[in-house]
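What follows is the residue order along each chain.
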Amino acid sequence: DLLDALEPGLQYRLGILYRESGDLGRAATCLHRAMDAQPRSALVRLALARVYLADPDPLGILGFKFLREATELDPMLTEAWMQRGEASLAAGFLGNAFHAFRKVLELEPGNVEALRNVAITAHRAGEPAWACRALLALGAVDRQRALELRSEIQESVWSLRGRKKPSPGAGPPADPEEETG
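Report follows, based on the coordinates. (Residues numbered from 1 in each chain as written. Predicted model: local features only at pLDDT ≥ 70, side-chain atom pairs only at ≥ 80, totals over all residues. Heavy atoms only, no water.)

1. Remarks on the packing of helix 2 (residues 8-21) against helix 3 (residues 24-37)
- Packing of helix 2 against helix 3 brings their axes to within 8 Å, and their N-to-C directions diverge by 160°. As the angle between them shows, helix 2 and helix 3 are arranged roughly antiparallel. As helix 2 runs across helix 3, the sense of the crossing is left-handed. Packed against helix 2, whose contacting residues are Pro8, Gln11, Tyr12, Leu14, Gly15, Tyr18 and Arg19, the element helix 3 presents Leu24, Arg26, Ala27, Cys30, Leu31, Arg33, Ala34 and Ala37 at the interface. (Axes fitted to C-alpha atoms, helices over the stretch in contact; angles between N-to-C directions. Helix = DSSP H or I, 4+ residues; strand = E, 2+ residues; numbered from the N terminus. Parallel < 35°, antiparallel > 145°, perpendicular 65-115°, else oblique. Left-handed = near helix turned anticlockwise from the far one by under 90°. Contact = heavy atoms within 4.5 Å.)

This is the structure:
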């Protein structure tokens with residue numbers, strides 16, 4: 001087979017190209033061959049994780065496995081920690097997401113995406129104090145992104161309460177008991 005004859009670096013690059021084109025089966029094949037040739041490569045495992053996470057259930061669990069292996073092989077690979085946090089957040093594993101984003105911030109203090117994701121994770125976990133601290137830290141780095149995220153969080157809080165966000169100058173929302181009284 002011609003693919004078997006390719007050197008591992010080319011297998012890796014070909015796997016990335018297949019993933020970007022949406023051919024996840026060929027991407028996985030090339031990346032597994034690259035991993036066989038380079039068993040200690042965190043980057044190959046990160047690429048494999050992205051392939052499996054792009055094709056959830058039942059293969060999504062393999063994405064988490066490869067992300068864990070990538071961060072174990074190279075604990076300084078910020079990109080793998082960020083992907084691990086984003087995948088955990090998307091799956092609702094909020095504790096794992098928070099841990100991964102915190103690791104990104106240890107490696108890259110002030111990482112805007114990690115700060116943003118910590119605020120989202122804290123909000124989803126029902127931890128408003130953490131969300132506020134993350135928003136303040138994000139505001140110190142990127143004020144515009146912090147304001148945008150604050151608006152998103154406010155919108156979600158209003159929708160959880162089953163109300164529409166009041167328009168500016170509309171005054172306080174009416175007390176529901178007075179309306180039915």
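2. A few points about the nonpolar core
- Core analysis: the largest hydrophobic core is formed by 21 residues, its most contacted members being Phe101, Val118, Leu138 and Leu149.
- Apart from the residues within four sequence positions on either side, Phe101 is in contact with Met82, Gly85, Glu86, Leu89, Ala114, Asn117, Val118 and Thr121.
- Listed in part, the 20 residues of the second largest apolar core include Ala34, Ala42, Leu46 and Val51. (Core = buried A, V, L, I, M, F, W, Y, C linked by side-chain atoms within 4.5 Å. Buried < 20%, exposed > 50% of the residue type's maximum accessible area, 1.4 Å probe, protein only.)

3. Here we look at the packing of aromatic side chains
- Within this structure, the stated rule accounts for three aromatic pairs.
- Taken together, a centroid distance of 5.8 Å and an interplanar angle of 15° make the contact between Tyr52 and Phe66 stacked. With a gap of 14 residues between them, Tyr52 in helix 4 (residues 42-54) and Phe66 in helix 5 (residues 60-73) connect regions that are remote in the sequence. Assigned by exposure class, Tyr52 and Phe66 land together as buried.
- A ring pair is formed by Phe98 and Trp130, whose centres lie 4.8 Å apart and whose planes are at 15°; its orientation type is stacked. Highlighted residues: Phe98 in helix 7 (residues 94-107) and Trp130 in helix 9 (residues 128-141), separated in sequence by 32 residues.
- In this structure Phe98 comes out as buried when scored by relative accessible area, which is 18%. (Phe/Tyr/Trp six-rings, centres within 6.5 Å; stacked < 30°, edge-to-face > 60°.)

4. As for helix 9
- Counted at 1.5 Å a residue, the expected span for helix 9 with its 14 residues is 20 Å, and the 20 Å between its end C-alpha atoms agrees.
- Residues Ala131, Ala134, Leu135 and Leu138 constitute the buried set of helix 9. End-on, the buried residues of helix 9 take up no more than an arc of 105°, which puts them together on one face. Away from the buried face of helix 9 by more than 90 degrees, exposed residues Arg133, Leu136 and Ala140 are located. (Expected span 1.5 Å × (residues − 1). Arc of directions from axis to C-beta.)

5. Thoughts on the packing of helix 8 (residues 112-124) against helix 9
- Interhelical geometry of helix 8 versus helix 9 gives an angle of 160° and a closest axis separation of 8 Å. As the angle between them shows, helix 8 and helix 9 are arranged roughly antiparallel. For the pair helix 8 and helix 9, the crossing hand works out as left-handed. Within the contact between the two elements, helix 8 uses Val112, Leu115, Arg116, Val118, Ala119, Ala122 and His123 and helix 9 uses Trp130, Ala131, Ala134, Leu135, Ala137, Leu138 and Val141.
- For the contact of helix 8 with helix 9, a count of residues per class yields twelve nonpolar, one polar and one charged. (Nonpolar A, V, L, I, M, F, W, Y, C, P; charged D, E, K, R; others polar.)

6. Digging into the environment of Ala27
- Positionally, Ala27 belongs in helix 3.
- For Ala27, a relative accessible area of 0% gives the class buried.
- Sequence spacing of Ala27 and Gln11 is 16 residues, and the spatial spacing of their C-alpha atoms is 9.0 Å.
- What Ala27 contacts, discounting residues up to four positions off in sequence, is Gly15, Tyr18, Arg19 and Val51.

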